[in-house]
Amino acid sequence: GRGPVRPAPLPALPPAPRGRNSAGVVGLVVAGGFLAFLSLFLVLPFVLGSTGVSGFVIGFFASLVPLVTVLLTVRFIDRWEPEPRALLLFAFVWGAVVSIAVTMLLQPYFSFVAGPASGLDYKTFAVTVQAPVVEEFAKSLGLLLLLLFARKNFDGPVDGVVFGFTIAAGFAFTENILYFGRAIAESSDPGTDLAVVFFLRGVMSPFAHAIFTGTTGLVMGFAARRWNNGLSVLAFAVGLVPAMLLHSGWNSMGQNFLAQYLLVQVPIFALAVLVIVLLRVAERRLTRQRLKEYAAAGWFTAAEVQMLGTAAGRRSALRWANTVGRGPQMKALLRAATQLAFTRQRILSGRDVPAHQLDERRQLADVAALRAAVVG
């Protein structure tokens, strides 16, 4: 195919200050690493004590299978407007270590306060009330921190689902090590027991935690578009409710497990897939609409909007760029144009407009430079 259309001369643009990575993002990642380091002293001895060394090692490698499944899904969802790797790493580490430690610390207090009032026997209470409430709260704290301190990278429902899935992938990874390792350490027939537990958790339900926490992320993502801290905290509280109910419903499946799995959980999974597909469509539509507004002001041609704002256009552009040795520059241009569209959306939200307009100016300059590098 032919390359992108050479653009018309760009409107004059005043110089914009080069922004460094947000102090909030850097602080968040550093604080997350420090909390994870402290949490390891609580989590690692507990898991090793429950599984033994051999159980831990085998459980670790077995847990990689559902983990990779979920993370590949995250990558697929996140392709249009990829999140910074540092924040995805924060989300994963929060789920795998910090949220486990928070759960361990809160469970005894929650059990002491809420257990007697529930009127349930301890085992039923622990499975259907305590675990859903405490675990979803612990996981979603990471979402709240991301929304408060990395807001520019958490500005819509797709971002909420991506971060929610990543946190949940980390949590399920550690939890699976525990379950798989216990199946080996506490069994007289470890091979069979491991196979059963692996089938239940690794094959039938690798996305269970992802759907629970992804629901909270979805609600918070819609609130994120308003750029209001109070609304963000409210969305955190509201988003926890469906996540906790879904989690409790999953844990409540008993004797009729297979029937409930097929009649309830499979439709929930199908609904989650549909929601994600619709969110991705909306994300592309938003990008295209915002870029059309820049085109109307003379920043892009109509052909470039088609190239930058549609999946087919992007594929065609990348194929052409790779044939002329400019693939990396084209990828950077696609990423910069998408970020520009989302910055425009933030400006339209009406909050922190001057700061977003500074970002817009810098990104327009970036797009101009990258486009020049692509077309030669």
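Preceding this paragraph is the structure being described.
Summary of the structure given here. (Residues numbered from 1 in each chain as written. Predicted model: local features only at pLDDT ≥ 70, side-chain atom pairs only at ≥ 80, totals over all residues. Heavy atoms only, no water.)

**A closer look at the side chain of Thr-216**
With respect to the element layout, Thr-216 can be found in helix α6 (residues 208–224). Judged by relative accessible area, Thr-216 falls into the buried class, the value being 0%. Apart from residues no more than four positions distant in its own chain, Thr-216 is found in contact with Ser-140, Leu-143, Phe-236, Gly-239, Leu-240 and Ala-243. (Helix = DSSP H or I, 4+ residues; strand = E, 2+ residues; numbered from the N terminus. Buried < 20%, exposed > 50% of the residue type's maximum accessible area, 1.4 Å probe, protein only. Contact = heavy atoms within 4.5 Å.)

**Some remarks on the packing of aromatic side chains**
Counted under the stated rule, the structure contains 14 aromatic pairs. Judged by centre distance (5.2 Å) and plane angle (90 degrees), the ring pair of Phe-37 and Phe-41 falls under edge-to-face. Remark: Phe-41 and Phe-37 occur in helix α1 (residues 23–77); sequence separation between them is four residues, near one turn of the helix. Residue Phe-37 is classed as partly exposed on the basis of its relative accessible area, which comes to 49%. Looking at Phe-41, the relative accessible area reads 56%, which means it is exposed. Relative to Phe-198, the ring of Phe-180 lies with its centre 5.6 Å away and its plane at 45 degrees, an arrangement referred to as tilted. Linking Phe-180 in helix α4 (residues 157–185) with Phe-198 in helix α5 (residues 190–203), this pair joins segments that are 18 residues apart in sequence. With a relative accessible area of 22%, Phe-198 lands in the partly exposed category. Taken together, the ring pairs connect Phe-56, Phe-60, Phe-61, Phe-92 and Phe-173 into an aromatic cluster. For Lys-139, the ring lying beneath its charged end belongs to Phe-171, and the centroid distance is 5.1 Å. (Phe/Tyr/Trp six-rings, centres within 6.5 Å; stacked < 30°, edge-to-face > 60°. Lys NZ or Arg CZ within 6 Å of the ring centre and 35° of its normal.)

**So, the packing of helix α2 (residues 85–118) against helix α3 (residues 122–149)**
Packing of α2 against α3 brings their axes to within 6 Å, and their N-to-C directions diverge by 140 degrees. Considering the angle they form, α2 stands oblique to α3. Crossing hand, α2 versus α3: right-handed. Along the lines of polarity and charge, the residues of the contact of α2 with α3 split into 19 nonpolar, eight polar and two charged. (Axes fitted to C-alpha atoms, helices over the stretch in contact; angles between N-to-C directions. Parallel < 35°, antiparallel > 145°, perpendicular 65-115°, else oblique. Left-handed = near helix turned anticlockwise from the far one by under 90°. Nonpolar A, V, L, I, M, F, W, Y, C, P; charged D, E, K, R; others polar.)

**What to know about the nonpolar core**
In this structure, Leu-146, Phe-154, Phe-163, Phe-165 and Met-220 are the most contacted members of the largest nonpolar core, which totals 54 residues. Contact partners of Met-220, with chain neighbours within four places excluded, come to Leu-143, Leu-144, Leu-147, Phe-154, Ala-235 and Phe-236. Leu-291, Ala-336, Leu-364 and Val-367 belong to the second largest nonpolar core, which has 20 residues in total. (Core = buried A, V, L, I, M, F, W, Y, C linked by side-chain atoms within 4.5 Å.)

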